[in-house]
Amino acid sequence: MHGRKAEFSGLPRRGLVAGVLAVAAVGADRAQAQAAGVGHVQSLRGEAFAQSGRVRRPLAVQAPLYLGDLVLTGADARLRLRLGRRTTLALGANARLRIDRFALASEAGNYELQAGPLLLEHDENGPSIGSTVQSPYALIAVRGTRFFAGPSNDVFGVFVATGRVSVQAAGQSVLLDPGEGTNIPRPGDPPSPAAPWGAARIQAALASVE
């Protein structure tokens, strides 16, 4: 009886230990994936930094990027980031972009554009990629596309070159097809109806990130 009691009393302990080890393994896998990075700096003109917590590190070509990084650019800077194999982010001057989430397998990402201009591109040689960009002006849902978001003609503008983008703000949404854009004058305002952008405006928007 005593032996059997000792045998059964050991089972929960072993199960607890196994559970702790499993949780630790999952945590280690996540930490390892985060430490490995999700991309790198492809090109840089001017100054740029990546901030994680209280640590800010200067960026240079081929510098690694990690989940949770807040990427910041200086005045007159131009920065191109390569995430995974098919995603490129181009930032202009005085930009602030946080890499909230990025799945290396699917390349789906969530980004927080706090300030400045952004051009997001997904290479077309593969399955469609879904991503989201959150800004103080709107939530932008992306599907396998190339699009611009940021200051344009004294408003926050979103323009789609290829693919399709949904822009949601103030309880309203607008769907943009290639060649179309929308305007949001201030945070809290709804997006304007989809409309073509002129060549001069498109060129100015692209020049702000290239």
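Use the structure listed above.
Below, the structure is looked at part by part. (Residues numbered from 1 in each chain as written. Predicted model: local features only at pLDDT ≥ 70, side-chain atom pairs only at ≥ 80, totals over all residues. Heavy atoms only, no water.)

This paragraph deals with the pattern of salt bridges. Side chains carrying opposite charge are able to pair once their charged atoms draw close together. This model, assessed by the stated rule, comprises eight salt bridges. Here D123 and R82 are joined by a salt bridge, their closest N and O atoms 2.7 Å apart. Of this pair, D123 sits in the loop between β10 (118–122) and β11 (130–134) while R82 sits in strand β6 (residues 78–83), and the two are 41 residues apart along the sequence. When its relative accessible area of 26% is taken as the criterion, D123 is described as partly exposed. Notably, a salt bridge pairs E112 with R98, separated by 3.8 Å at the nearest N-O pair. Note that E112 is positioned in strand β9 (residues 109–115) and R98 in strand β8 (residues 96–102), a separation of 14 residues in sequence. One network of salt bridges, in which partners are shared, links R80, E121, R146 and E210. (Salt bridge = Lys/Arg side-chain N within 4 Å of Asp/Glu carboxyl O. Helix = DSSP H or I, 4+ residues; strand = E, 2+ residues; numbered from the N terminus. Buried < 20%, exposed > 50% of the residue type's maximum accessible area, 1.4 Å probe, protein only.)

Bringing the packing of aromatic side chains into the picture now. This model, assessed by the stated rule, comprises two aromatic pairs. On the basis of an interplanar angle of 20° and a centroid distance of 5.2 Å, the ring pair of F159 and W197 is categorised as stacked. Linking F159 in strand β13 (residues 155–169) with W197 in the loop between β16 (195–196) and α2 (199–207), this pair joins segments that are 38 residues apart in sequence. As far as burial versus exposure is concerned, F159 and W197 are alike and both buried. Across the ring face of F49, the terminal group of R56 is positioned such that the distance to the ring centre comes to 5.6 Å. Taking the ring centre of W197 as reference, the NZ or CZ of R201 above it sits at 3.7 Å. (Phe/Tyr/Trp six-rings, centres within 6.5 Å; stacked < 30°, edge-to-face > 60°. Lys NZ or Arg CZ within 6 Å of the ring centre and 35° of its normal.)

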